[in-house]
Amino acid sequence: MILFKKATVLRNWLETQSKKANAIGFIPTMGALHEGHISLIRKSTAANTITVCSIFINPTQFNNEGDFQKYPVTIEKDIDMLEAAGCDVLFLPAVKEMYPEGVDGGERYELGYLEKILEGKFRPGHFQGVCMIVDRLLDIVRPSRLYLGQKDYQQCMVIKKLLDLTNKNETELEIAPTLREKDGLAMSSRNMRLTKEERSKAVAISKALFQIKNDLRPGKLSDLKKKAIDFLEAEGFKVDYVEIADAADLSIVNDWDGTQPVVVLVAAFIGDVRLIDNLIV
Ligand code: AMP
């Protein structure tokens, strides 16, 4: 695996490879890698000539300074995992490399409804920061395929919109299923921050999702959502939201007709760690 820290050096190297490499797969990450990330790397190595992974803890997508400061960093282990998975390139830029003009200001993206609900509502500015960094990374890597995890369901929809807004539709979006721990907890870098006690409680999030999936019947959904919120609160969570939304456009579904494909989404804090998860029904 080759490690690049400078965008222009990586771009030039990819140009020299482009005759041989007709397909570049790209996996943007914030590091502290786990098997969920590695599943995206494997999908990419199976389908592309060159797989590029980036590790960059993007300051512009954090709306909480503490969350940014405490974001786990395990770079040596990450490099070992990427090498073992057959990743060809790691892009590891410094903040100045990605934001030479500073982290304030920058582009704005017309995300509309998508940034007013769920994660957009509870993390103001988050998706603008996500778009800013992914847009810049795509300009450098220019991948044939971009790999994202369903774990961040709304983010996948935002990036799909970004590709439209920026005319980058030559890049194919590949969305991979959420990898879970044995007890059902969705793998996440933030899980590393949980204490032993918090970790054992964290499973309640996926339990709540599977419970809703199981109990879902046509008709009003408010009782189902309330039951899940009560359950999570009883387990010690501070709940941002439990919502059931149209799987295609994330419009909130209050009354289900029994056929509309929906996604159940949860965001909740255990201690000061905020976890998200979702399940397509
Ligand atoms: P992150 O490092 O958290 O920004 O995640 C980088 C990419 O990995 C994103 O596209 C995530 O959706 C994806 N990802 C994170 N957790 C999982 C998981 N448990 N299973 C599959 N993909 C994941």
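Residues numbered from 1 in each chain as written. Predicted model: local features only at pLDDT ≥ 70, side-chain atom pairs only at ≥ 80, totals over all residues. Heavy atoms only, no water.

With that settled, the discussion passes to the sheet that holds strand S8 (residues 238-246). What the 3 strands build is an open sheet, ordered S8-S10-S11; its pairing is antiparallel. The sheet is open, and its two edges are formed by S8 and strand S11 (273-280), each paired on a single side. On average, each strand axis in the sheet is inclined to that of its neighbour by 10°, with strand direction left out of account. Note: S8 against strand S10 (residues 262-270), 8 bridges, orientation antiparallel. Looking at S10, one finds that Ile244 is bridged to Val264. The sheet strands contacting helix H10 (residues 204-215) are S8, S10 and S11, and the helix crosses S11 at an angle near 25°. (Pairing = 2+ DSSP bridges. Helix = DSSP H or I, 4+ residues; strand = E, 2+ residues; numbered from the N terminus. Axes fitted to C-alpha atoms, helices over the stretch in contact; angles between N-to-C directions. Contact = heavy atoms within 4.5 Å.)

Let's shift gears to the nonpolar core. Counting 45 residues, the largest nonpolar core has Leu10, Val52, Phe91, Met98, Leu250 and Leu265 as its most contacted members. Element by element, the count of residues in this core is highest for helix H7 (residues 126-141), at 10 residues. With near-sequence residues (within four places) excluded, Val52 lies in contact with Leu14, Ile24, Gly25, Phe26, Ile27, Val89 and Val141. Counting residues in each nonpolar core, the second largest holds 27 residues, with Ala202, Ala204, Leu224 and Leu279 among its members. (Core = buried A, V, L, I, M, F, W, Y, C linked by side-chain atoms within 4.5 Å. Buried < 20%, exposed > 50% of the residue type's maximum accessible area, 1.4 Å probe, protein only.)

What follows deals with the sheet that holds strand S1 (residues 2-4). In sheet architecture, strand pairing relies on hydrogen bonds along the backbone and comes in two forms, parallel and antiparallel. Spatially, S1-S4-S3-S2-S5-S6 is the arrangement adopted by the 6 strands of the open sheet, whose pairing is parallel. Edge strands, defined here as strands with exactly one partner in the open sheet, are S1 and strand S6 (172-176). Each neighbouring strand pair of the sheet contributes to a mean axis angle of 25°, computed without reference to strand direction. Bridge count between S1 and strand S4 (residues 89-91): 3 bridges; the pairing is parallel. From the neighbouring strand, Phe4 faces S4, where its bridge partner is Phe91.

With that settled, the discussion passes to the site of the ligand. For the ligand, the set of nearby residues contains 16 residues, the closest of which are Met30, His37, Asp152, Leu179 and Met187. Between Asp152 and the ligand, the recorded distance is 2.6 Å, taken from a side-chain N or O atom to an oxygen atom. In the model, a nitrogen atom of the ligand is placed 2.9 Å from a nitrogen or oxygen of the Leu179 main chain. When the ligand is considered free in solution it has 480 Å² of accessible area, and contact with the protein chains removes 92% of it. Contributions of two or more residues to the shell around the ligand are made by strand S2 (24-29), helix H2 (35-47) and strand S5 (145-149). Of all the elements, H2 adds the most residues to the shell around the ligand, at 3 residues. Residue composition of the shell around the ligand, grouped by class: 8 nonpolar, 6 polar and 2 charged. (Near = heavy atom within 4 Å. Polar contact = N/O pair within 3.5 Å; in protein donor to acceptor, adjacent residues only side chain to side chain. Areas by Shrake-Rupley, 256 points an atom, 1.4 Å probe, with all protein chains shown as cover. Nonpolar A, V, L, I, M, F, W, Y, C, P; charged D, E, K, R; others polar.)

Quick look at unusual backbone geometry now. The backbone of Arg142 sits at a positive phi, close to 45°, despite the residue not being glycine. Its location among the elements puts Arg142 in the loop between H7 and S5. Residue Leu250 is not a glycine yet carries a positive backbone phi of 65°. The residue Leu250 is located in the loop between S8 and strand S9 (255-256) in this model. A relative accessible area of 0% places Leu250 in the buried class.

Glancing now at the packing of H7 against helix H8 (residues 153-165). With their axes 10 Å apart at the nearest point, H7 and H8 run at an angle of 55° to one another. Judged on the interaxial angle alone, H8 and H7 are oblique. Crossing of H7 against H8: the hand is right-handed. In this structure, H7 uses Phe127, Val130, Cys131, Val134, Asp135 and Leu138 to contact H8, whose residues at the interface are Gln154, Gln155, Val158, Ile159, Leu162 and Leu163. Its residues placed into classes, the contact of H7 with H8 shows 9 nonpolar, 2 polar and 1 charged. (Parallel < 35°, antiparallel > 145°, perpendicular 65-115°, else oblique. Left-handed = near helix turned anticlockwise from the far one by under 90°.)

Turning to the confidence of the model for the chain, a few remarks are in order. A residue-level look at the chain finds 99% of positions with pLDDT of 70 or above and a mean pLDDT of 97. Within the chain, the lowest mean pLDDT, 94, falls on helix H3 (residues 65-69), and the highest, 99, falls on S4. (pLDDT = per-residue confidence, 0-100.)

As a further point, take the pairing of S10. The buried fraction of S10 is high, at 9 of 9 residues. The side-chain alternation of S10 yields two buried faces, one formed by Val262, Val264, Val266, Ala268 and Ile270 and the other by Val263, Leu265, Ala267 and Phe269. Bridge analysis of S10 against S11 gives 8 bridges, and the strand direction is antiparallel. Bridging from a neighbouring strand, Phe269 pairs with Arg274 of S11. Connecting S10 to the next strand, S11, in antiparallel fashion are 2 residues, including Gly271 with a positive phi near 60°.

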